[in-house]
Amino acid sequence: MKCNSRDLGTKCVPNKDEEKPQTKRPAKKEPVVVSTRSESAKAERQRPGGVRRPRVLVVGGGVSGCACAATLAGSGVEVTLINNALDGLGQPGYGPVVAVDEGWDGLVETLSALPPALRAAWLDASTAGDEESPFFYVDRRMLSIETKRALEDLPGLELRQALVTDIRSASDLRAASEGVSNDKSGRIRPVVVGTAFGESIGAEAAVLAVGLSLEGEVRVGDDVLPGGRYGETRAGGLREALERMGASFQGRTMDVGPWFPMPCEEQWKAACSLERSPTGERTTGGCDRRSVATRPLRDLLVALERKRLDTPCRECDGRREQIGADDGDEIRRDPEMVMRNLGSPTTWPDNYPPAPHWIQGLHVGRAILHTSSGGPSLALLSPDGVATGEMYLSEGESHRSEEDGPGGRCVSDGGYEPTAFDGSMASRPGHRVAGLILKTFGRGGGLAVGQDSSATIWVTGRAGGATGYLESLASGVRVARDVKRVLSVHADSDGWI
Amino acid sequence: MPRGEWTYDVVVVGGGHAGCEAALAAARMGCRTAMVTLHLDNIALMPCNPAIGGVGKGQLTREIDALGGEQGRNADRAFIQLKMLNTSKGPAVRALRAQADKRLYEDWMKVVLSRTPNLDLLQGEVASLDVSRETIRSVRLADGRCVRCRAAVLATGTFLRGKVVVGDRSYPAGRVGELPARRLSASLLAAGIELDRFQSATPPRVDGATIDADRMVVQQGDSQPLSFSHWRVPALRRQVPCYLTHTTPVTHEVVSAHLHLSPLKSGSVSGKGPRYCPSIDRKLINFPEKERHPVFVEPEGVTTREMYLQGLTTSLPVFVQEKIIHATPGLEKARLIRPGYAVEYDYLPPQQLTLGLESKTVKGLFSAGQVNGTSGYEEAAAQGLVAGINAALYAQDEPPFFLRRDQAYIGVLIDDLVTKGVDEPYRMFTSRAEYRLLLRHDNAAERLSHLGHKLGLISAEQLVIVEKKQQGLAEFTDLLDTVQVRACEDSNRVLEELGTMPLEESQSAAKLLRRPQVTYEDVIRLVGSSDRERISQAPPEVVEQLEIQARYEGYIRRQMSEIRHQRATETLGIPADFDYWSLQGLTYEAKDKMSRIRPATLGQASRVPGVSPADVSVLLIHLHRSQLQRSVEMPEMSFE
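Residues numbered from 1 in each chain as written. Chains lettered and ligands numbered in written order. Predicted model: local features only at pLDDT ≥ 70, side-chain atom pairs only at ≥ 80, totals over all residues. Heavy atoms only, no water.

### Let's talk about the overall build of chain B
Moving on, step 1. A count of helices and strands for chain B gives 21 helices and 22 strands.
Moving on, step 2. When burial is assessed residue by residue, chain B has 62% of its 640 residues classed as buried.
Moving on, step 3. Long-range pairs, those at least 24 residues apart, make up 73% of the contacts in chain B with a sequence separation of at least 6.
Moving on, step 4. Accessible surface computed for chain B: about 24600 Å², of which carbon and sulfur atoms make up 50%. (Helix = DSSP H or I, 4+ residues; strand = E, 2+ residues; numbered from the N terminus. Buried < 20%, exposed > 50% of the residue type's maximum accessible area, 1.4 Å probe, protein only. Contact = heavy atoms within 4.5 Å. Areas by Shrake-Rupley, 256 points an atom, 1.4 Å probe, with all protein chains shown as cover.)

### Some remarks on the overall build of chain A
Moving on, step 1. Scanning chain A from N- to C-terminus turns up 12 helices and 25 strands.
Moving on, step 2. Looking at chain A as shown, the accessible area adds up to about 18400 Å², and 50% of this sits on carbon and sulfur atoms.

### Some points on the pairing of strand β21 (residues 390-394) of chain A
Residue and element names in this part refer to chain A.
Moving on, step 1. Within β21, 5 of the 5 residues are buried, which leaves the element mostly enclosed by the surrounding structure.
Moving on, step 2. Taking every second residue as pointing to the same face, both faces of β21 are buried, with Glu-390, Tyr-392 and Ser-394 on one and Met-391 and Leu-393 on the other.
Moving on, step 3. The pairing of strand β14 (residues 259-261) with β21 spans 3 bridges and is antiparallel. Its bridge partner being in β21, Pro-261 is matched across the sheet by Glu-390. (Pairing = 2+ DSSP bridges.)

### Looking at the sheet that holds strand β10 (residues 163-166) of chain B
Pairing between sheet strands relies on hydrogen bonds along the backbone, with the strands arranged either parallel or antiparallel.
Residues and elements named next belong to chain B.
Moving on, step 1. In spatial order, the strands read β11-β10-β19-β12; together these 4 strands make up an open sheet with antiparallel pairing. Because the sheet does not close on itself, it has two edges, and the strands there are β11 (169-172) and β12 (196-202). On average, each strand axis in the sheet is tilted by 25° relative to the strand beside it, whichever way the strands run.
Moving on, step 2. As judged from the 3 bridges shared by β10 and strand β19 (residues 341-347), these two strands associate in the antiparallel manner. When the bridges of β19 are listed, Val-164 appears paired with Val-343. (Axes fitted to C-alpha atoms, helices over the stretch in contact; angles between N-to-C directions.)

### Examining unusual backbone geometry
All names here are of chain B.
Moving on, step 1. A positive phi angle is found at Asn-118, which is not glycine, with a value near 75°.
Moving on, step 2. Checked against the element boundaries, Asn-118 lands in the loop between α4 (102-114) and β6 (119-123).
Moving on, step 3. On the accessibility criterion, Asn-118 (35% relative accessible area) is partly exposed.
Moving on, step 4. A positive phi angle is found at Leu-357, which is not glycine, with a value near 65°.
Moving on, step 5. Along the chain, Leu-357 turns up in the loop between β19 and β20 (365-367).
Moving on, step 6. Given the relative accessible area of 0%, Leu-357 is considered buried.

### As for the packing of helix α2 (residues 57-66) of chain B against helix α10 (residues 377-395) of chain B
Residue and element names in this part refer to chain B.
Moving on, step 1. Their axes nearest at 9 Å, the elements α2 and α10 cross at an angle of 30°. By the angle between their axes, α2 is roughly parallel relative to α10. As for how α2 packs across α10, the hand of that crossing is left-handed. Side by side, α2 and α10 meet where Lys-57, Leu-60, Thr-61 and Ile-64 of the first sit next to Glu-378, Glu-379, Ala-381, Ala-382 and Leu-385 of the second.
Moving on, step 2. Looking at the contact of α2 with α10, its residues break down into 5 nonpolar, 1 polar and 3 charged. (Parallel < 35°, antiparallel > 145°, perpendicular 65-115°, else oblique. Left-handed = near helix turned anticlockwise from the far one by under 90°. Nonpolar A, V, L, I, M, F, W, Y, C, P; charged D, E, K, R; others polar.)

### Focus on the sheet that holds strand β24 (residues 445-449) of chain A
All names here are of chain A.
Moving on, step 1. Reading across from one edge, β6-β2-β1-β10-β25-β24 is the order of the 6 strands in this open sheet, with mixed pairing throughout. Only two strands of the sheet have a single partner each, and these edge strands are β6 (157-161) and β24. The sheet shows a mean angle of 25° between the axes of neighbouring strands, direction not considered.
Moving on, step 2. Bridge count for β24 against strand β25 (residues 456-460) is 4 bridges, and the pairing is antiparallel. Counted as the bridge partner of Gly-446 is Val-459 from β25.

### Description of the interface of chain A and chain B
Moving on, step 1. Facing the 60 residues of chain A at the interface are 58 residues of chain B.
Moving on, step 2. Buried surface at the junction of chain A and chain B, both sides included, amounts to about 5100 Å², of which 52% is carbon and sulfur.
Moving on, step 3. Put simply, chain A and chain B have 12 salt bridges between them.
Moving on, step 4. A:Asp223 is paired through a salt bridge with B:Arg182; the nearest N and O atoms lie 3.1 Å apart.
Moving on, step 5. Counting every contact that joins chain A to chain B gives 25 residue pairs in polar contact (both at pLDDT 80 or more).
Moving on, step 6. Mapped by element, the contributors of at least two residues to the side of chain A that touches chain B are α6 (140-153), β6 and β12 (223-226) of chain A.
Moving on, step 7. The leading source of residues in the side of chain A that touches chain B is α6(A), at 8 residues.
Moving on, step 8. The residue inventory of the side of chain A that touches chain B, partitioned by class, reads 25 nonpolar, 17 polar and 18 charged. (Buried area = accessible area lost by both parts, 1.4 Å probe. Salt bridge = Lys/Arg side-chain N within 4 Å of Asp/Glu carboxyl O. Polar contact = N/O pair within 3.5 Å; in protein donor to acceptor, adjacent residues only side chain to side chain.)

### Some details on the nonpolar core
Moving on, step 1. Counting 88 residues, the largest nonpolar core has B:Val10, B:Leu113, B:Val153, B:Ile389 and B:Ile410 as its most contacted members.
Moving on, step 2. Top contributing element to this core by residue count: α10(B), with 12 residues.
Moving on, step 3. Looking at this core, you find at least three residues from each of domain 1 (5-197 + 346-455) and domain 2 (205-344) of chain B.
Moving on, step 4. Membership of the second largest hydrophobic core comes to 77 residues, among which are A:Val98, A:Leu212, A:Val220 and A:Met339. (Core = buried A, V, L, I, M, F, W, Y, C linked by side-chain atoms within 4.5 Å. Domains from an automatic or database assignment.)

### Re the packing of aromatic side chains
Moving on, step 1. Scanning the model with the defined rule gives 8 aromatic pairs over all chains in all.
Moving on, step 2. Between B:Phe198 and B:Tyr347 the ring centres are 3.8 Å apart and the planes differ by 15°, which places this aromatic pair in the stacked class. Here B:Tyr347 lies in strand β19 and B:Phe198 lies in strand β12, a separation of 149 residues in the sequence.
Moving on, step 3. Look at B:Phe198 and you get buried, because its relative accessible area is 0%.
Moving on, step 4. Classification of B:Tyr347 by relative accessible area gives buried; the value is 4%.
Moving on, step 5. Taking the centre distance of 6.1 Å and the plane angle of 75° together, the rings of B:Phe366 and B:Tyr394 count as edge-to-face. Of this pair, B:Phe366 sits in strand β20 while B:Tyr394 is found in helix α10, placing the two residues 28 residues apart along the sequence.
Moving on, step 6. Each residue in the set A:Phe197, B:Tyr171 and B:Tyr341 is aromatic and connected to the rest through ring pairs, giving one cluster.
Moving on, step 7. Above the face of the A:Trp259 ring, A:Arg428 is positioned so that its terminal group lies 4.9 Å from the ring centre. (Phe/Tyr/Trp six-rings, centres within 6.5 Å; stacked < 30°, edge-to-face > 60°. Lys NZ or Arg CZ within 6 Å of the ring centre and 35° of its normal.)

### Topic: the confidence of the model for chain A
Residue and element names in this part refer to chain A.
Moving on, step 1. The predicted model of chain A has a mean per-residue pLDDT of 70, with 58% of residues at 70 or higher.
Moving on, step 2. At the low end of the mean pLDDT range in chain A sits strand β22 (residues 402-403), at 34; at the high end sits helix α3 (residues 63-74), at 96.
Moving on, step 3. The low-confidence segment residues 272-289 (pLDDT under 50) makes 38 contacts with residues lying over four places distant or belonging to another chain.
Moving on, step 4. With pLDDT under 50 throughout, residues 370-376 is counted as low confidence; its partners more than four residues away or in other chains account for 18 contacts. (pLDDT = per-residue confidence, 0-100.)

### Notes on the pattern of salt bridges
Moving on, step 1. A full pass over the atoms with the stated rule returns 70 salt bridges over all chains.
Moving on, step 2. Note that B:Lys57 and B:Glu379 form a salt bridge whose closest N and O atoms lie 3.2 Å from each other. Placement of B:Lys57 in helix α2 and of B:Glu379 in helix α10 is noted, with a sequence separation of 322 residues between them. In terms of burial, B:Lys57 and B:Glu379 fall into one category: buried.
Moving on, step 3. If you follow the salt bridges from partner to partner, you end up with A:Arg55, A:Glu78, A:Asp153, A:Glu158, B:Asp207, B:Arg305 and B:Arg335 in one network.

### Topic: helix α12 (residues 444-455) of chain B
Every α-helical turn comprises 3.6 residues, leaving residues that sit three or four positions apart pointing alike.
All names here are of chain B.
Moving on, step 1. Taking 1.5 Å of rise per residue, the 12 residues of α12 would be expected to cover 16 Å, and the 16 Å separating its terminal C-alpha atoms lies within 8% of that figure.
Moving on, step 2. Burial in α12 covers these residues: Ala-444, Ala-445, Glu-446, Arg-447, Leu-448, Ser-449, Leu-451, Gly-452 and Leu-455.
Moving on, step 3. Two residues or fewer after α12 comes Gly-456, characterised by a positive phi angle close to 90°. (Expected span 1.5 Å × (residues − 1).)

### Focus: the environment of B:Leu348
All names here are of chain B.
Moving on, step 1. Mapped onto the elements of the fold, Leu-348 is located in the loop between β19 and β20.
Moving on, step 2. By relative accessible area, which is 3% here, Leu-348 ends up buried.
Moving on, step 3. The spatial distance from the C-alpha of Leu-348 to the C-alpha of Val-371 is 5.9 Å, given a sequence separation of 23 residues.

### What about helix α11 (residues 409-420) of chain B?
Residues and elements named next belong to chain B.
Moving on, step 1. For α11, spanning 12 residues, the distance from its first C-alpha to its last is 16 Å, which sits close to the expected 16 Å at 1.5 Å a residue.
Moving on, step 2. The element α11 is largely enclosed, with a buried count of 11 among its 12 residues.
Moving on, step 3. Among the residues making up α11, those that are buried are Tyr-409, Ile-410, Gly-411, Val-412, Leu-413, Ile-414, Asp-415, Asp-416, Leu-417, Val-418 and Thr-419.
Moving on, step 4. Each element contacted by the buried residues of α11 is listed here: α2, α10, α12, α19 (588-597) and α20 (602-606).
Moving on, step 5. In the segment just after α11, Gly-421 is the residue with positive phi, at about 75°.

### With respect to the side chain of B:Gln239
All names here are of chain B.
Moving on, step 1. Mapped onto the fold, Gln-239 is located in the loop between β14 (217-219) and β15 (242-246).
Moving on, step 2. Among the polar contacts listed, one links the side chain of Gln-239 to the backbone oxygen of Asp-222, at a separation of 3.2 Å.
Moving on, step 3. Sequence-distant contacts of Gln-239, defined by excluding residues within four places in its chain, comprise Phe-79, Ile-80, Gln-81, Leu-82, Gly-221 and Asp-222.

Okay, structure coming up:
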């Protein structure tokens, strides 16, 4: 095995990841000035003993929002994470399949950058097939529960359930003479969000992690529902507000689903023995199972790391076990540290059904589906967690998002002949989500508003162009670091710590 | 089969507490059942109080369990605190109450649902019902799928044209964050079903790490093993405490100062709310003289720090909610996580339903839960179970299943709903039952499990458990009758210690147990050593019943004879097509009300509001005279 130059925190060769994105960042151009605060507000900040931390609002508690909020809180910034429905906090909205496009090492890299508690949540809730198939499967519900627990425990991070419908800079607010303070202590914060229940919450900066919910629509068969993911209420007004502040948008779609009831062992067998041709090829309908028993993702990564330990590395003369420490620009990969970072499963209450070890009993299946349009196609059937009793069906790569345009087809229930198992109906029909994403200065997130405005508004995750959960995770962490850096620029002049 | 068209025996619309029970009951009774819900991630949610049971409600849960429902079992799997309430009071008001881990409760229910044969879970919005010749034919989903069915159960909770409200703001949602059912109401109206508006509200949640527990009273769970379900062995589990605080005049000042912002005053909520679960704003309007109201601070689960503030229900603007919380002792620094809010929704005035919860307008269409104008998870589940059973029976061409008022709280609940209707969300109380000494939480299995068995919801093995308990009860009742306590010095000393009269001559243990001061444990001390071992072998649930039987024998007997006395008129059937208008001697109001409600029995007729005893006599005479009477087939009581 060759040393991978993208291994983070961890490598034989210089790690460019920390530096690379920054060169593209607006911060290098002109400092983003959070400038229009009144002198009195500045005085307020600087009053003796009045040292305080900046506050950042993270709007949206999906994959990237949680990663961003946790990273910010971990770096000493006060964060308010606003989500429309706190029960769904941290829950991936588009199925349980996570494509490991960057290889397993890339995954370790992404996970390593996460705050430990959030990393543990992802590892606890994920299961994987074998090393060869570049996917893992996340128990979305378990991830949500553990993420919420992790975030609640982070000092400096506050959760708030609210539907954000408006966002403004404080100077606009004053122009409209809507009151001078937007903070409990009477201060003025540069960014203010308004909620559907009439709250105004102020902060030094806002990060939008709103997925596809801007003008989001979910198309299921003949129906169009509002929302950035199936079944949730949509924030009206936010797009208009962003437009007023100078943000620009582009369309994006995403195909999701369908889900089927998880077959029991007998059903699997029955489905596989159906209508097999003499050569063993399936001829019509049904599903051809290639079942792979899964194991916790953590176990897979640890095993890969062990293997790496046993394999000498040519590029660094087998000095791999030396450490984790900085060596000039180089950081060496320390498999043992990586393994430590991977940690061990969190202890759950005994009576909790999604206890992490349960996840080992799941199966991944390959199905040959016969669609209404054309011949058979290969699909992946993935367990959607231990308590849902459902499997997610992704048609090869088609569950990945596409650029805007009419391409791609709506994988609704009518699209597939859903006879995969036992003639039963899909438990959740496939659907297409279409919404607007924000144009930014970097791929997968960055500054959306703020170059010339008094308020800085960042965007991360899918709303910032990220595709896939892992990209969203990485984007959340990266944007958090950028926000922190920009805020630090002002720290001295404003007396923040 | 055309594409996008599917056939089931029973379709259940909604996946809350009513929907889950209905779907499980129908599937377990052998019907091919589909549960259609807006979102499969939101099954069996507890969007308000994270608790199951309590006085009145706990009895419902026990009855659900005795009939083969799931709520009790699921509460046992998910509880994080379990408590027997009112142990110092009479047996009629004793009840279990569980604090549940919400997520755990949902997860377990989903596991149970997904492993139940005959049951498919489908995600989608039901947009309309196909009704022809006054009979349900299919439900149509918004995405274009059509699900044919023989029977359908509506269990839509607060989702029909739901709207959430805080202060003067509102937006369409079934619960905060969830899309409402946008279209079904129109289809129901078109089918001739009446709808009205109700509202309900939930209190704010705060961060448990920011409360000052030292300033509140800690409330622990029971330290002895308990269980809701008759079919599970009671187990002890590490339990989580709740806390008790109260509002103060300062809290009340805050509320009063902002009362003009309340949706109740501003008119942004038009529906009627629950009087028995009032918001703090309403409490202040209704009880201006009270200086404090209790506030229970309850954990929402073991994996979250969120705490529920029972008693601070409000839909005042969010900044007022924060002020109210901070003006409450122990919550001065509490950080608001979820603002409280009100939800307004369409419900079906339940007088349109039969005692089997079937619509009188559309055959094969049943409804259950909040959509029938009730509140509470237990009330919902109880109706869900009955509606599911009746939907299955309907699909199998079997006669419907009812429970009488003297049989179960479930009978009381449904009879109240369909006979009297509701003018606010209905909640169960023990005072609603006239035979509450018979409808106890401890004898639910004896009252109902044989009925569950007949329906196919209770297995033979489960029935054996109940029979064993009954045998044990009979055995020990006989034993107590035969065992004598001698009037010796030792026994009299014990009796004096207990503060009761000494014995002058030997007496049976049964008689001694009738004395209010003497418990079963005392009896064990009093009897001779030869009998002591046998007597002390009674299992705890038998002991409980022995004590109740002994102490309340007279009352129980009186209630039983009352029931027997009224049985004849109570169960006297009235034909469904009876012409009240042609019957002379009835008041206009009685004719009008009864021809709309169409009571199934004379007993039910007597409870229709506006029907006087004189009207009942007229009806009785007529029914006898015209030989129209027939006894409606109703399940027998087991303990007679």
